[in-house]
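Residue strings, one per chain:
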Number of protein chains: 2
Amino acid sequence: MQRKATARLSDVARAAGVSLSTASRALADPQVVREDTRAAVCAAAERLGYVPHGAARALASRRSMTIGAVVPTLDNPIFARSTQALQRSLADAGYTLLLGSHDYNPSTELAVVRALVARGVDGLVLVGTDHSPEVYALIVQSGIPFELTWSIDATGPHYAVGFSNRLAAVQVAQYVCQAGHQHIAMLSGFMAHNDRARDRVAGVREACAAAGRVLPGSAIIETAFSIAAARSATRQLLSAAQVPSAILCGNDILAIGVLLECAAQGVSVPKQLSVVGFDDIEMAAEMAPALTTLHVPTAQIGQRAAERLVARLQGESVARTEAVPVRLIVRESSAAPAVVRAK
Amino acid sequence: MQRKATARLSDVARAAGVSLSTASRALADPQVVREDTRAAVCAAAERLGYVPHGAARALASRRSMTIGAVVPTLDNPIFARSTQALQRSLADAGYTLLLGSHDYNPSTELAVVRALVARGVDGLVLVGTDHSPEVYALIVQSGIPFELTWSIDATGPHYAVGFSNRLAAVQVAQYVCQAGHQHIAMLSGFMAHNDRARDRVAGVREACAAAGRVLPGSAIIETAFSIAAARSATRQLLSAAQVPSAILCGNDILAIGVLLECAAQGVSVPKQLSVVGFDDIEMAAEMAPALTTLHVPTAQIGQRAAERLVARLQGESVARTEAVPVRLIVRESSAAPAVVRAK
DNA sequence: TTGTAGGCGTTATCAC
DNA sequence: GTGATAACGCCTACAA
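Basis of the calculations
Residues numbered from 1 in each chain as written. Chains lettered and ligands numbered in written order. Predicted model: local features only at pLDDT ≥ 70, side-chain atom pairs only at ≥ 80, totals over all residues. Heavy atoms only, no water. Helix = DSSP H or I, 4+ residues; strand = E, 2+ residues; numbered from the N terminus. Rg over C-alpha atoms; globule rule 2.2 N^0.38 Å. Contact = heavy atoms within 4.5 Å. Areas by Shrake-Rupley, 256 points an atom, 1.4 Å probe, with all protein chains shown as cover. Lys, Arg positive; Asp, Glu negative; His and termini not counted. Charge placed at Lys NZ, Arg CZ, Asp CG, Glu CD. Near = heavy atom within 4 Å. Polar contact = N/O pair within 3.5 Å; in protein donor to acceptor, adjacent residues only side chain to side chain. Nonpolar A, V, L, I, M, F, W, Y, C, P; charged D, E, K, R; others polar. Core = buried A, V, L, I, M, F, W, Y, C linked by side-chain atoms within 4.5 Å. Buried < 20%, exposed > 50% of the residue type's maximum accessible area, 1.4 Å probe, protein only. Pairing = 2+ DSSP bridges. Axes fitted to C-alpha atoms, helices over the stretch in contact; angles between N-to-C directions. Domains from an automatic or database assignment. Salt bridge = Lys/Arg side-chain N within 4 Å of Asp/Glu carboxyl O. Least-squares fit on C-alpha atoms with pLDDT ≥ 70 in both. Arc of directions from axis to C-beta. Buried area = accessible area lost by both parts, 1.4 Å probe.

Moving on, we get to the overall build of chain A. Looking only at helices and strands, one finds 13 helices and 12 strands in chain A. By the compact-globule yardstick of 20 Å for 343 residues, chain A is too spread out, its C-alpha radius of gyration being 26 Å. Expressed as lengths along the three principal axes of its C-alpha atoms, the size of chain A is roughly 90 × 40 × 30 Å. A separation of at least 24 residues holds for 70% of the contacts in chain A among residues at least 6 apart in sequence. When the accessible surface of chain A is totalled, it reaches about 14,500 Å², and 53% of it is carbon and sulfur. Within chain A, one finds 32 positive and 28 negative side-chain charges whose respective centroids are separated by 3 Å.

Bringing the protein's contact with DNA strand D into the picture now. Around DNA strand D, 23 residues are found, and the nearest of them are Thr22, Arg25 and Thr37 of chain A together with Leu9 and Tyr50 of chain B. Across the atoms of DNA strand D situated within 4 Å of the protein, the share located in sugar and phosphate is 66%. For DNA strand D, a phosphate oxygen lies 2.7 Å from a polar atom in the side chain of Tyr50 of chain B. Mapped by element, the contributors of at least two residues to the surface near DNA strand D are helix H2 (20-28) and helix H4 (54-61) of chain A together with helix H2 (20-28) and helix H4 (54-61) of chain B. Residue classes in the surface near DNA strand D are distributed as 10 nonpolar, 8 polar and 5 charged.

Moving on, we get to the nonpolar core. Ranked by size, the top nonpolar core spans 153 residues in total, and within it Leu248 and Ile256 of chain A together with Leu248 and Ile256 of chain B carry the most contacts. Among residues more than four places away in sequence, those in contact with Leu248 of chain B are Val172, Ala173, Val176, Ile184, Ala185, Met186, Leu187, Val204 and Val276 of chain B. Membership of the second largest hydrophobic core comes to 40 residues, among which are Val70, Leu124 and Leu126 of chain A together with Ile139 of chain B.

A separate point is the sheet that holds strand S9 (residues 274-279) of chain B. All names here are of chain B. One open sheet accounts for 6 strands, arranged S7-S6-S8-S9-S10-S12; its pairing is mixed. Each end of this open sheet is capped by a strand with a single partner; those strands are strand S7 (220-223) and strand S12 (327-329). For this sheet the average axis-to-axis angle between neighbouring strands, irrespective of direction, equals 20°.

Before going further, it helps to examine the domain arrangement of chain A. What the domain assignment lists for chain A is domain 1 (9-61), domain 2 (66-163 + 297-325) and domain 3 (165-296). Relative placement of domain 1 of chain A and domain 2 of chain A: their C-alpha centres are 33 Å apart.

Attention now moves to the protein's contact with DNA strand C. Neighbouring residues of DNA strand C: 24 residues in total, closest Leu9 and Ser24 of chain A together with Ser21, Thr22 and Thr37 of chain B. The sugar-phosphate portion of DNA strand C accounts for 64% of its atoms within 4 Å of the protein, the bases making up the rest. Between Ser19 of chain B and DNA strand C, the recorded distance is 3.0 Å, taken from a backbone N or O atom to a phosphate oxygen. Contacts to DNA strand C include Ser21 of chain B, whose side-chain N or O atom sits 3.1 Å from a base oxygen.

Right, let's talk about unusual backbone geometry for a bit. All names here are of chain A. Omega for the peptide link from Val269 to Pro270 comes to 5°, which places this bond in the cis form. For Pro270, the location among the structural elements is in the loop between helix H11 (252-265) and strand S9 (274-279). In this structure, Tyr104 takes a positive phi of about 65° despite not being glycine. Tracing the sequence through the fold places Tyr104 in the loop between strand S2 (96-101) and helix H6 (106-118).

All names here are of chain A. Considering all chains together, one arrives at 38 salt bridges over all chains under this definition. In this structure, the salt-bridge partner of Arg308 is Glu147, at a minimum N-O distance of 2.9 Å. Of the two residues, Arg308 sits in helix H13 (residues 298-313) while Glu147 sits in strand S4 (residues 146-149), which places them 161 residues apart along the sequence. Looking at Glu147, the relative accessible area reads 0%, which means it is buried. Between Asp195 and Arg196 there is a salt bridge, with its nearest N and O atoms 3.0 Å apart. Accessibility expressed as a relative area gives 2% for Asp195, which makes it buried.

Glancing now at the relation of the copies chain A and chain B. Between the two copies, chain A and chain B, the superposition gives an RMSD of 0.1 Å; the rotation angle is 180° and the shift along the axis is 0.0 Å. The operation mapping one copy onto its partner corresponds to a two-fold rotation axis.

All names here are of chain A. With 6 of its 6 residues buried, strand S1 (residues 66-71) lies for the most part within the structure. The side-chain alternation of S1 yields two buried faces, one formed by Thr66, Gly68 and Val70 and the other by Ile67, Ala69 and Val71. Relative to S2, S1 runs parallel, the two being bridged by 6 bridges. Residue Thr66 lies in a different strand from S2, and its bridge partner there is Thr96. In this structure, S1 lies alongside strand S3 (residues 123-127), joined through 4 bridges in parallel fashion. Counted as the bridge partner of Ile67 is Gly123 from S3.

Moving on: the sheet that holds strand S11 (residues 321-323) of chain A. Adjacent strands of a sheet pair through backbone hydrogen bonds, lying either parallel or antiparallel. Taken together, 12 strands build an open sheet; the order of strands is S11(A)-S5(A)-S4(A)-S3(A)-S1(A)-S2(A)-S2(B)-S1(B)-S3(B)-S4(B)-S5(B)-S11(B) and the sheet is mixed. Two strands in the sheet have a free side with no partner beyond their single neighbour: S11 of chain A together with strand S11 (321-323) of chain B. Along the sheet, successive strands turn relative to each other by an average axial angle of 20°, direction set aside. In this structure, S3 of chain A lies alongside S4 of chain A, joined through 4 bridges in parallel fashion. Across the sheet, Leu124 of chain A pairs through a bridge with Phe146 of chain A, a residue of S4 of chain A. In the packing of H6 of chain A onto the sheet, the strands contacted are S1, S2 and S3 of chain A together with strand S2 (96-101) of chain B, and the crossing angle to S1 of chain A comes to about 175°.

To continue, consider H2 of chain B. All names here are of chain B. All of the buried residues in H2 are Thr22, Ala23 and Ala26. Projected onto a plane normal to the axis of H2, the buried residues spread over an arc of 100° and lie on a single side. Where the residues of H2 are buried, they touch helix H1 (9-16) and helix H3 (35-48).

This part takes up the interface of chain A and chain B. Of the residues lining the interface, 56 residues belong to chain A; the matching set on chain B comes to 56 residues. Summing both partners gives a buried area of about 4,300 Å² for chain A against chain B, and 60% of it is carried by carbon and sulfur. Among the residues of chain A in contact with chain B, Arg119, Gln141 and Met283 of chain A are the three that bury the most area, contributing 14% of the side total. A salt bridge links Arg81 of chain B to Asp75 of chain A; the nearest nitrogen and oxygen atoms lie 3.1 Å apart. Taken together, the links from chain A to chain B amount to 28 residue pairs in polar contact (both at pLDDT 80 or more). For the side of chain A that touches chain B, the secondary structure elements donating two or more residues are H4, helix H5 (77-92), S2, H6, helix H7 (133-142), helix H10 (227-238), H11 and helix H12 (282-287) of chain A.

Position of Arg166 of chain B among the secondary structure elements: in helix H8 (residues 165-178). Setting aside residues up to four positions removed in sequence, Arg166 of chain B forms contacts with Asp199, Gly203 and Glu206 of chain B.

Now the structure itself:
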């Protein structure tokens, strides 16, 4: 057991009988030093258990080799998965992930972003386009490259990888309308500070209107992203004056809640009620062969965000916005019930 | 829009008309400078959009205000939740989380830990006690305080917050044995490099043996942590020569898979088959009112790990190991079926 | 209470 | 190829 307080590069250099700068080069740029000196330095580093001092390196090189990511919460499988993918791809490129979350609280998000900027991240990954002006100002002024994810911001000036939540929702709603449903309801996550939820609702509204269905205010329920909350909202919908024949869900967590409540109430899906999900998390697909859902390549978003950012940091140029493919997966016909269910 | 490359502390000091060190103190230790100078410095910092340079600060102060965490994967609700809680508690204390994952690959874990150590984390959080000697050596030599989570390491020398997976599994198995089950099977995650999975199987084995049940080798199936894999394993169990009357699951993901497969095959739970889970994730509880499960306070583990680490970094002393409360939640009787099911 | 000066461990820019 | 040497931005005794 060594007692000394972690070897420095100067220790390695001395042990290898070379100068500080040679040691530095040998480790950083192996091909520029002679093979035997490189070997000597590496051997010394190995022997001393040398671990480079990131802060010093960052200070001198002006790069920290860390990327910051801010997600609403990890307690949602879609962000857990995309973050996991982000982490992997980043690690493969030699970057370490600095993670923050804000629970959909804008002021928390600002604090988190500030913390990441202060830690000197080389790049930043955010979710969605909804961020306070302060957040944008901070990032832009700091000059740190960043990627928005989960939404694409076609008109906006920012780099983004994701998809149009509005168009995806349109696709979902068109499908349901074409299947003949007249009374459609939607369960959405809270829309405040959440452009994805808002766009999904907007898309559904738009497509329904175009198809001649008007969603009454009571047909769109905003709820927390939890199974329990979705069940509660479902009870509300199923006991309304006008029971819908189709429920569109802002994401699969909500869809699972709807399905569970239907099972509990003996409502047959999709025979009596059609349920359509969004995001396509594994669990929902497994538990509901009947669930038609809009599939989103969750992990791909994280991976591409990492790859794009790394590319940009290496001076390569990437397309401003990049769309990942989403598609409706119809696992079973969701035709409207021939008879209106008795209430 | 400012063009300058981010204000430094010296800029703030000049703008405020004080020296560098006064500016530093005003920001770091507000109570030690005169109120008006503090105000002047803060105003200047605000005006210039000053963000401290973490690397420089870390280099000079020898603290980075970052904590590293390494999880097997975020793609498992239990780790997503505990990591989320960890992040929150850390942020509350002014620390930022540096995250790594290794997908149950020991060499990846070593690389990740090395990266975190190199980034100068002030503390480290690991999952479980299974880590390569190199990992332990690296951390110990670096002198970085660390917490093991999800397991407690009563005999070991390390700080840990979690619970005895073995005893928890014993509790589960005892319950099932007392309910009268004779033929018990278990689904486990892969046990290599995973002390939690191993301990859970060991606990079940131990309790079953004590109760006079011997689990044949074929009754314990190691499988990936996915619903699909669990379903496949369930098919195997249900078509075996000796069909079990109870299936114990190494965690709730597996339990969900079992339940879904049972539903698909028309096997009634718990009437024909008793299923017992572990970890108690929200989804499992919601989808299966019949699921008896061992509840683990997932978020609490993350939170306590953060709090303990922060306390230690502030020089407070904490108990070497800390147990979080786990308990069996019996949602519905899992009495053994009176008649052996026909195969 | 405030200012001065010496690092913190690397990288990068020069000569050699 | 290799070796001095000056940054990098901040913290912290120490002195005033």
